[in-house]
Amino acid sequence: DGGITQSPKYLFRKEGQNVTLSCEQNLNHDAMYWYRQDPGQGLRLIYYSQIVNDFQKGDIAEGYSVSREKKESFPLTVTSAQKNPTAFYLCASSPMEGAGTQYFGPGTRLLVL
Amino acid sequence: KNQVEQSPQSLIILEGKNCTLQCNYTVSPFSNLRWYKQDTGRGPVSLTIMTFSENTKSNGRYTATLDADTKQSSLHITASQLSDSASYICVVGSGGGADGLTFGKGTHLIIQP
């Protein structure tokens, strides 16, 4: 059963807490991405990675961090420096960076307590 | 600044009717244009992707058109079904990689029985 998975579906963050969102793909894609979606707005790029152990900042990277230790995995950490983290977070992958169709995961909704 | 404008913002039609969603863009250089369908609380799913040389592409009851001269695209849905209720997102690529994708805010379509 190929695809891209995200967990958890819902995540609650307390004040000053770091939380990590999981993203895994078994599509053998080189490129992976993290987007943030807010109501009434288009998706905004947080970070992307073209290859293992390499990643680049997107438009709204402040307050977030990522790692790409394995081709299949691209976790996103929302740090305490992100003052407005409540949003729907989408992970995506594509065969090569910037080209072709992106395949999106089911998303993680992050809420602040 | 690259921009993608979608209209209408929301649309309600009766089941079985046709509808057309619009996407105007000011993205340069232009590489490709994609339409995605996003069900509420889920990740987007690709419907079509068109390059500069393509002016129409179909996927079942969905037909996308592209006029690169006027920088306009449309998504036509034929014989709508209740399952077509979703947000439809237009994305334009400028060939610059992952940070070269510009997302529209989407059109929210509701199909009424």
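Heads up: the structure comes first, above all this text.
What you see is a predicted model; the values in this text were computed from it and never measured.

Section: the nonpolar core
Then, in step 1: In terms of nonpolar packing, the biggest core is built from 23 residues, with B:Y25, B:L33, B:W35, B:L75, B:Y88 and B:V92 touching the most fellow members.
Then, in step 2: Looking at this core, the elements with two or more residues in it are β3 (19–26), β4 (32–38), β5 (45–51), β7 (62–67), β8 (72–77), β9 (86–93) and β11 (107–112) of chain B.
Then, in step 3: Counting residues in each nonpolar core, the second largest holds 20 residues, with A:L11, A:C23, A:F74 and A:L76 among its members.

Concerning the interface of chain B and chain A
Many authors give the size of an interface as the accessible area that is lost as the parts come together.
Then, in step 1: Across the boundary between the two partners, chain B contributes 17 residues, which contact 21 residues of chain A.
Then, in step 2: Roughly 1,500 Å² of surface becomes buried between chain B and chain A when both sides are summed, with 56% attributable to carbon and sulfur atoms.
Then, in step 3: Joining chain B to chain A, the criterion identifies 2 residue pairs in polar contact (both at pLDDT 80 or more).
Then, in step 4: No other element matches the 3 residues that β4(B) contributes to the side of chain B that touches chain A.
Then, in step 5: Here the side of chain B that touches chain A is built from residues that sort into 7 nonpolar, 6 polar and 4 charged.

A look at the state of the cysteines
All names here are of chain A.
Then, in step 1: Enumeration over the complete set of coordinates arrives at 2 disulfides over all chains.
Then, in step 2: Here C23 pairs with C91 through a disulfide, and the sulfurs are 1.9 Å apart. The chirality of the disulfide connecting C23 with C91 is left-handed, given an S-S dihedral of about -75 degrees. With C23 in strand β3 (residues 19–25) and C91 in strand β9 (residues 87–94), this pair connects stretches of sequence that are 68 residues apart.
Then, in step 3: In this structure C91 comes out as buried when scored by relative accessible area, which is 0%.

Notes on the side chain of A:S93
Residue and element names in this part refer to chain A.
Then, in step 1: Along the polypeptide, S93 turns up in strand β9.
Then, in step 2: Overall, S93 belongs to the buried group, its relative accessible area being 0%.
Then, in step 3: A polar side-chain atom of S93 sits 2.8 Å from a polar atom in the side chain of H29.
Then, in step 4: For S93, the contacting residues outside a window of four places in its chain are I4, Q25, L27, H29, A31, M32, Y33, T101, Q102 and Y103.

Conventions adopted
Residues numbered from 1 in each chain as written. Chains lettered and ligands numbered in written order. Predicted model: local features only at pLDDT ≥ 70, side-chain atom pairs only at ≥ 80, totals over all residues. Heavy atoms only, no water. Core = buried A, V, L, I, M, F, W, Y, C linked by side-chain atoms within 4.5 Å. Buried < 20%, exposed > 50% of the residue type's maximum accessible area, 1.4 Å probe, protein only. Helix = DSSP H or I, 4+ residues; strand = E, 2+ residues; numbered from the N terminus. Contact = heavy atoms within 4.5 Å. Buried area = accessible area lost by both parts, 1.4 Å probe. Polar contact = N/O pair within 3.5 Å; in protein donor to acceptor, adjacent residues only side chain to side chain. Nonpolar A, V, L, I, M, F, W, Y, C, P; charged D, E, K, R; others polar. Disulfide = S-S within 2.5 Å.

So yeah, pure geometry; function would need other evidence.
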